[in-house]
Structure formats: structure tokens, C-alpha cells
Amino acid sequence: MRIEQKIGQACLKGTSSRSKGLSEELKNEVRKGLVGAILNLTDPKLVFEIQKIAVDESPSHIPLLFGRDVIHGYKTIFPIPLGLAASWDIPLVEKTSKIAANESYSNCFNWTFAPMIDIARDARWGRIAESPGEDPLLASRLGVAYIKGFQGEDPSVPGQILACAKHFAAYGAAEGGRDYNTVSMSESMLRNVYLKPFEAAAKSGAATFMSSFNDINGIPASGNKFLLKKILREEWKYDGFVVSDWNSVTEMIPHGFAADEKDAALKAASAGLDMEMTSLSYANHLKTLITEKKISEKELDEMVRNILRIKFRAGIFENPYFKDREKFSILTAESLATAKESAIKSCVLLKNENQILPLQSNQKIAVIGPLADAPREQLGTWIFDGNKADSQTPLKALQTSFGQNNVFYAAGLSHSRSLSEEGFAEAVTEAKKADVILFFAGEEAILSGEAHSRANINLPGLQEKLIAELSKTGKPIVLIIMAGRPITLGAVLPNVKAVLMAWHPGTMAGPAISDIVKGIANPSGKLPVTWPKEVGQIPIYYNHPSTGRPADPKTFVAIQDIPVEAWQSSLGNNSHYLDAGYEPQFPFGFGLSYTSFVYDNLKIEKTNLKTNDRLTVTANITNTGNTTGIETVQLYVQDITGSIVRPVRELKDFVQIELKSKESRTVEFSIPVSDLAFYNDQMELKTEPGDFKLWIASHAENGLEGNFKVE
């Protein structure tokens, strides 16, 4: 290959997500071998046209990759990734991404920019909607499931597409929850939390990685040798290729890390970034940099070798024209059934006072709120190819399930941000006709996702005021939230009897929510993120380190407990907020059910362990209610004393079980002691001897507690 064609393989070119055409300029670039992959080409006829140019007319006859952001479904839209994470159902997540792969392949895409496996501890960050939540173990298992679904055992098999683990790395820790922002953290924190899902992705065979927009300790990810060379290549032995995020190479200029486009190309290529997305620094400057001996042609060869290795692995040399794509249909009955199942399992029941849910089939219900019949909004962020015409809304499903005559509807607000009270009177009138109010609240899809961070995460617009007005009717209110993040509910919770978090549930939101409300389905979702009371508690997460003065309910002093003209002192002597306390609204792993589960009879096989042993622990779980239910049983461990401060708890395993009424089962966890290892201040991965606590629990703040020792 000539040097120009080598550089061409490192160039991902294309158009915006809305563009439909194919320019003559792009055709000519492909003809000359100056393009390695194309983004957002959505017409199969055009895909075939330009692929034929690449295969037949380019100097090296190398086929192109065709990429698209298929994040939580292609045409069949599943819950947003944060919602899918709330299912804690790993096989189900794999199934959703396989369906997304099949549908994408049918329309001539063979590469997706998913999964996003950024740890997210800040609900203000818009992209928390795309994340797997705050826990590295859950995120790792979800990431591997997505990759398996997209790629299968062999990504060259028709119907499978290449995955891309993003965003490498620590993008979810952007300062203040502001997108694209700076990240400052210790290397031990980076390794012990934020890199774990990426290591799992690399070892599971993720074909590609994407560098993130942010800088980490002053070095932008797209020019970060520590991340791209030392960790990814040297330590993890990764053999796929790394693509930049959109324009992130040239964005190192406004970062203040690169002087100009040429300097950006130099720093990205020197760091080990293989392919540049959309910006043109490689196309414009790599050849000159090689001529000037600032980059060696050997370095370029390694970049191209990484890209071609994946192209061969994807089978596009043998199958450049999407063989058998007609065998894969969109929006099939099976796909819609999976979308409904995933929406049901993603819903988290957060409150259910006096067991108001499920409703009786003969109850009259008022369906109120801006998200009750909003087919576009229920799909959520990143659904370029989803169609609101395919959505089944809650209003329509409830009318079918409860009967037209038993459902009274008024939106009350035209959209989630509305500041008009014009619809309040109609909403109150309809509510008075009913036995119970179902209020569909939340955010429009555009209020979360990339570049949509919020400083306040309460219900936008006048939703809180409308709920307050409806509460004056005396009718019980069931709050159903559709949003891309946790919502602060301090002003709302006293006025509602139940809260169901549905996230943005996707195409089948309506039938899923209707089945839960009616009791046909029993909610089983568990929170993948800690839910704050107030935005001022953020960042808030369960696996935090302790402090020298940890929060203590026995000594906690609330703001109203302080006497007027009190003597200046360190009241409470612990770490908390006077006005918000120290507890979240709802903890990580929390989720109610229509039944109840009792945990008992904790047993630890061996309480003194050596580093090559396994920690084996059991407990009995009993369904003491009257309804079959699914419970996610969680194993947490605390390393009490370490060479660096350790978290108060860490999730080490989990399992889902389904129990019939009064059924009991013994759940066993068995993990190698090596799973207790962490990176110390010398960046050594070690399991340190000492005392440990463990819990078998239903969420991160409860559980059966035991102790063991590692010698």
C-alpha cells in the first residue's frame, strides 16, 4: 500500500446523522483509497454503490466499514441503557443487542458505537442515560453482554456487527456533570473503578474502542499515551483498533493541548489512536509528519494493521455487500416481545404506600401528564432510526387494558418543560371522575443524552405544580416517571402514593407499564445508580470510602435541631449535610416488588481464607408474599483496613431468582479471593490480608452481615 492509502484506512468520514446523500467528493476519495470507514450512510443502495467503488476501483480494493450509533435498538427501541441496567438481567441485555445487530445489518451497517460503559456517579450528566450506572461489576457484565449480542461468537457471521467500547476513559466523571469537561482523579481510583468495565470489554473481544472527549489529569483522551498505549496495548494486550470520538482529535486544540491541526494529528497518532472520526488532521498532516520523521511509517503501519485485523475478523473481505441481509427483519413479533419484556424488567418500583399498586381491573383511572401519550419522547435519547409511529404509548395501552370508559385523559401540560397552566383545569376535572390518578411525569427525550446536562434534576416545567393541584382532589396519585436520569422528588413524594421509575422505556413502553399497573407483571427492577434527595448531594454513590468521621444516625444533627445562637462547634461530629442528611432518597440496588422477600440463614463456608481460596457463602431467600416475583440477590464485601482507604461496600456478585409464593431457595455465592484485589498506591494489584465484612442483600444499605479473614 502507498502511504496515502495507509492514511486513508485511518480516516472515518461521513455525514451528520440526518444526512441522506452521497457526495461526489466522498466517492472520489474512496476511489483513491483515502477512506477506511463511513459514518451515517443510511440508504443501502448508496452503501452498495460506494462499497463497490472501494472494492473494485480503489488501489488496494479494501472494503469499507459502515458505522452508525445504534445505542439501544435500531428500529425496535429498547429502554435506554440506564434503564436496561436496572433490569440486572444480563442474558436479556445480550438478547436486545443481538436484535439491534440483526436489524442494523439488514440496513447495511456492520459497526456500532456501543456499548457505552462509562461509570456515572452524577445524575446531572446528560449521558448518564447511556451509561450502565455507577458500579464497575454491574457495568462490566452489562458491557460484555452488549458486546456478545452485537458480535456473537464470530462477528463475520451475517447478522452480527462490530461493537465499540466507549468512552475510553473516565468520561462519566466529568467535572460538575458538565459534558465534555475535565476529569481529575488518582490513578488508583481510575484503575479500581473507571477502567474495570473497559478491561472486561477488551478481554471479551470488543472489536473497537473509542477515545473520550474529556481530558484526564490534563491530557485529552485522544492524545493520551498512558491510556491508549500503556494500559490498553501493553497491559491488556488489546488487538482491536481505537477510533476517536466525533472531532475529538482536533478538539485537543481548544483544550489547549495541541497548537494546531498538525500538532493534534501528531499527538493523537503518537498516543496510539488508530482512526480519526470526521475531523481531517490525519488526512491533512500524517504524510507530512512522516516525511518530517516526527512519526515513523512503522507507527502508521501498526495503526493500519490494527484496523485491517478487525476488517478481516469482521469478514468484510469475503462479505462486503451484507450477504443474507434480507433474512433479518425489523420490528418482528419476537423483537417487540423482547422490547416489552425489557421495558417491564427495567421498571423500578420506588414507593407503594398501602400497596396501592397493582390496580384493580374495574377501577376508574385518570391518566394525566405530558409523557402519557408522547410516542417520540418515550423512546429516549440516541434513537436516530427509531420511529415514533411504531411506539405504543401508555395511554393507548391503558385504554385497551382497562377499557375506554374507565380511562379519563388530560395531558395537563403539552410537554415536560411547559410553563403554561392552561391545561390544569381540564386535568383536575378528569381526575375527579376517577378512583386513582396515574401521572406520567419526567423529561422529554432531548433533555438527556449528549450535551444535555442539567444543573437541577427536578421535574422540569410546571409538573410539580400540577401534581400539587391534583393532590387537592383527594384522589390517590401514582407517579410514573419517564426520564433519562434520577429525578429529585422532594417536593413530590409527599403528594403521591406510589412511584414507578420507567426511565425512557422504548417502543413498547405502553403495554409494559400497563401490565405492571394492572398486576399482570410484577416489577423487579433495581436501581443501577444511587438516587439523590437533592442535587446538592451529588456526586453520591454507594461504594464511597469512609471518612475519619463517618455519618452516624446516632449523632446526626439536622438543621432544625440546632439551637438559635448555638455555640460554634463541629455539631454532629460527622460527614453530612445539615439540610439533606447523609442518606440518598433511594440506595443503589433498591427496588420494590408486589411481593416480599425475606433473607435468613447466612452461612460462610470458611471464615479464614488464603489468597488461592474461594469465598463461598449461602443464604435462604423466601417469597413471603402472595405473588410470584423476581429478586436480584446481591453480594457485597468490605475490606475493613487497607493500604489505601477502601469503599464501605463493593458489589462482588449478584444473581436473579424467581420464586413462587411461599417458595424458598438457598442462594450460593462463590468467588475467588483474588476478586478482592485492588490497585494500591504503588499501582500493584493485590489482595491484602486482613479482616472483611460481607452482606447478602437486596440493596446496598441492608443485608445479612458476616465476617471473614484473608491470611
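Small disclaimer: the values here were computed from a predicted structure and weren't measured.

## Notes on the overall build of the protein chain
The helix and strand tally for the protein chain stands at 18 helices and 26 strands. Over its C-alpha atoms the protein chain spans a radius of gyration of 26 Å, differing by no more than 12% from the 27 Å that the globule rule assigns to 711 residues. The principal-axis extents of the C-alpha atoms in the protein chain amount to approximately 75 × 65 × 55 Å. Split into buried and exposed, the 711 residues of the protein chain put 60% on the buried side.

## Things to note about the domain arrangement of the protein chain
Segmentation of the protein chain into domains returns domain 1 (3-327), domain 2 (370-518), domain 3 (543-583) and domain 4 (597-710). Once you take the C-alpha centre of each, domain 2 and domain 4 turn out to be 37 Å apart.

## A word on the packing of aromatic side chains
How two aromatic rings sit relative to each other is set out by the distance from centre to centre and by the angle between their planes. Tallied over the entire structure, the rule returns 27 aromatic pairs. Pairing Phe 168 with Phe 209 gives two aromatic rings, centres 5.3 Å apart and planes at 80°, and the pair type is edge-to-face. Taken as a pair, Phe 168 in strand β5 (residues 164-168) and Phe 209 in strand β6 (residues 208-211) lie far apart in primary sequence, 41 residues in all. The class for Phe 168 is buried, based on a relative accessible area of 1%. Given a relative accessible area of 0%, Phe 209 falls into the buried group. Judged by centre distance (4.1 Å) and plane angle (15°), the rings of Phe 312 and Phe 317 are stacked. Of the aromatic side chains, those joined through ring pairs into one cluster are Trp 88, Tyr 542, Phe 588, Tyr 636 and Phe 654. Over the face of the ring belonging to Phe 678 we find Arg 646, whose NZ or CZ atom lies 3.9 Å from the ring centre. Across the ring face of Trp 695, the terminal group of Arg 649 is positioned such that the distance to the ring centre comes to 4.1 Å.

## So, empty space enclosed by the protein
In the structure shown here, the tally under the stated rule is six cavities of 30 Å³ or more. Taken as a whole, the largest cavity spans an internal volume of roughly 100 Å³. Class assignment of the residues belonging to the lining of the largest cavity gives a composition of nine nonpolar, four polar and no charged. Its boundaries defined by the atoms lining it, the second largest cavity holds a volume of some 70 Å³. Tallied by class, residues from the lining of the second largest cavity come to seven nonpolar, six polar and no charged.

## Here's the deal with the environment of Ala 389
Position of Ala 389 relative to the elements: it lies in the loop between β12 (365-368) and α15 (394-402). Overall, the relative accessible area of 63% leaves Ala 389 in the exposed class. Sequence spacing of Ala 389 and Leu 659 is 270 residues, and the spatial spacing of their C-alpha atoms is 37 Å.

## Digging into the side chain of Asn 224
Mapping Asn 224 onto the fold places it in the loop between β8 (219-220) and α9 (225-235). Apart from the residues lying within four places of it in its own chain, the contact partners of Asn 224 are Ile 216, Ile 219, Lys 229 and Ala 271.

## Considerations on the layout of surface pockets
Space inside the largest pocket adds up to approximately 970 Å³. In terms of lining, the largest pocket is formed by 29 residues, of which the most central are His 544, Ala 551, Tyr 582, Val 648 and Glu 701. Of the residues belonging to the lining of the largest pocket, the class tally is 15 nonpolar, nine polar and five charged. Two domains share the lining of the largest pocket, each providing at least three of its residues, namely domain 3 (543-583) and domain 4 (597-710).

## A short note on the sheet that holds strand β22 (residues 664-672)
Judged by pairing direction, the sheet is antiparallel, and its three strands sit side by side in the order β17-β19-β22 without closing on themselves. Two strands lie at the open edges of the sheet, namely β17 (597-604) and β22, each paired on one side alone. Adjacent strand axes in the sheet meet at a mean angle of 25° when their direction is disregarded. Direction of pairing for strand β19 (residues 614-623) relative to β22: antiparallel, over a ladder of nine bridges.

## Some details on the packing of helix α12 (residues 281-291) against helix α13 (residues 297-314)
Axis angle and axis distance: for two packed helices, these are the angle between their axes and the distance between the axes, and together they describe the pair. Where α12 contacts α13, the two axes come as close as 9 Å, and the packing angle between them is 140°. As summarised for this structure, α12 and α13 are arranged oblique, according to the angle between their axes. When α12 is examined against α13, the residues Tyr 282, Leu 286 and Ile 290 are found in contact with a partner set consisting of Glu 297, Leu 300 and Met 303. Taken together, the residues of the contact of α12 with α13 break down into five nonpolar, no polar and one charged.

## Some thoughts on unusual backbone geometry
Note the cis peptide between Leu 357 and Pro 358, where omega equals 0°. On the secondary structure map, Pro 358 appears in the loop between β11 (348-352) and β12. In this model, Ile 538 is joined to Pro 539 through a cis peptide bond whose omega is 0°. One can find Pro 539 in the loop between α18 (509-518) and β17. Non-glycine residue Trp 503 carries a positive phi angle of around 55°. You can see Trp 503 is positioned in the loop between β16 (498-501) and α18. Here Asn 601, not a glycine, exhibits a phi torsion of approximately 60°, which is positive. Within the element layout of this structure, Asn 601 appears in strand β17.

## Things to note about α12
Residues of α12 that are buried: Ser 281, Tyr 282, His 285, Leu 286, Leu 289 and Ile 290. Seen along its axis, α12 keeps its buried residues to an arc of 140°; they face one direction. For α12, the elements touching its buried residues are α1 (3-9), β1 (11-14), α11 (261-271), β10 (276-277) and α13. Once α12 ends, the next one or two residues include Lys 293, with phi positive near 65°.

## Brief notes about the sheet that holds β10
Two pairing modes exist for strands in a sheet, parallel and antiparallel, and in both the strands are linked by backbone hydrogen bonds. Taking strand neighbours across the sheet as the criterion, the five strands line up as β4-β3-β2-β1-β10 in an open arrangement whose pairing is parallel. Each edge of the sheet is formed by a strand with only one pairing partner; in this case those strands are β4 (111-112) and β10. Note that strand β3 (residues 65-68) and β4 share two bridges and pair parallel. Each residue of the ladder has a partner; that of Gly 67, found in β4, is Trp 111.

## Details of the pairing of β3
Covered by surrounding structure in β3 are Leu 65 and Gly 67 together with Phe 66 and Arg 68, the residues of both alternating faces. Handedness of the crossover joining strand β2 (residues 37-39) and β3 through helix α3 (residues 44-57) is recorded here as right-handed.

## Side note on the side chain of Glu 134
Within the secondary structure layout, Glu 134 lies in the loop between β4 and α6 (136-151). The buried charged residue Glu 134 lacks any salt bridge, with Arg 121 as its nearest oppositely charged partner at 6.3 Å. Only 2.9 Å separates the side chain of Glu 134 from the backbone nitrogen of Tyr 542, close enough to count as a polar contact. If near-sequence neighbours (up to four positions away) are discounted, Glu 134 is found in contact with Ile 119, Ala 120, Arg 121, Pro 528, Val 529, Thr 530, Ile 540, Tyr 541, Tyr 542, Asn 543 and Phe 588.

About the cut-offs
- Residues numbered from 1 in each chain as written.
- Predicted model: local features only at pLDDT ≥ 70, side-chain atom pairs only at ≥ 80, totals over all residues.
- Heavy atoms only, no water.
- Helix = DSSP H or I, 4+ residues; strand = E, 2+ residues; numbered from the N terminus.
- Rg over C-alpha atoms; globule rule 2.2 N^0.38 Å.
- Buried < 20%, exposed > 50% of the residue type's maximum accessible area, 1.4 Å probe, protein only.
- Domains from an automatic or database assignment.
- Phe/Tyr/Trp six-rings, centres within 6.5 Å; stacked < 30°, edge-to-face > 60°.
- Lys NZ or Arg CZ within 6 Å of the ring centre and 35° of its normal.
- 1 Å grid on protein atoms, 1.4 Å probe; cavity = no way out; pocket = protein on both sides within 12 Å on 5 of 7 lines; lining within 4 Å.
- Points joined across faces, edges and corners; volume = space filled by probe spheres on them.
- Nonpolar A, V, L, I, M, F, W, Y, C, P; charged D, E, K, R; others polar.
- Contact = heavy atoms within 4.5 Å.
- Pairing = 2+ DSSP bridges.
- Axes fitted to C-alpha atoms, helices over the stretch in contact; angles between N-to-C directions.
- Parallel < 35°, antiparallel > 145°, perpendicular 65-115°, else oblique.
- Arc of directions from axis to C-beta.
- Right-handed = clockwise from strand over helix to strand, strands pointing away.
- Lys, Arg positive; Asp, Glu negative; His and termini not counted.
- Salt bridge = Lys/Arg side-chain N within 4 Å of Asp/Glu carboxyl O.
- Polar contact = N/O pair within 3.5 Å; in protein donor to acceptor, adjacent residues only side chain to side chain.

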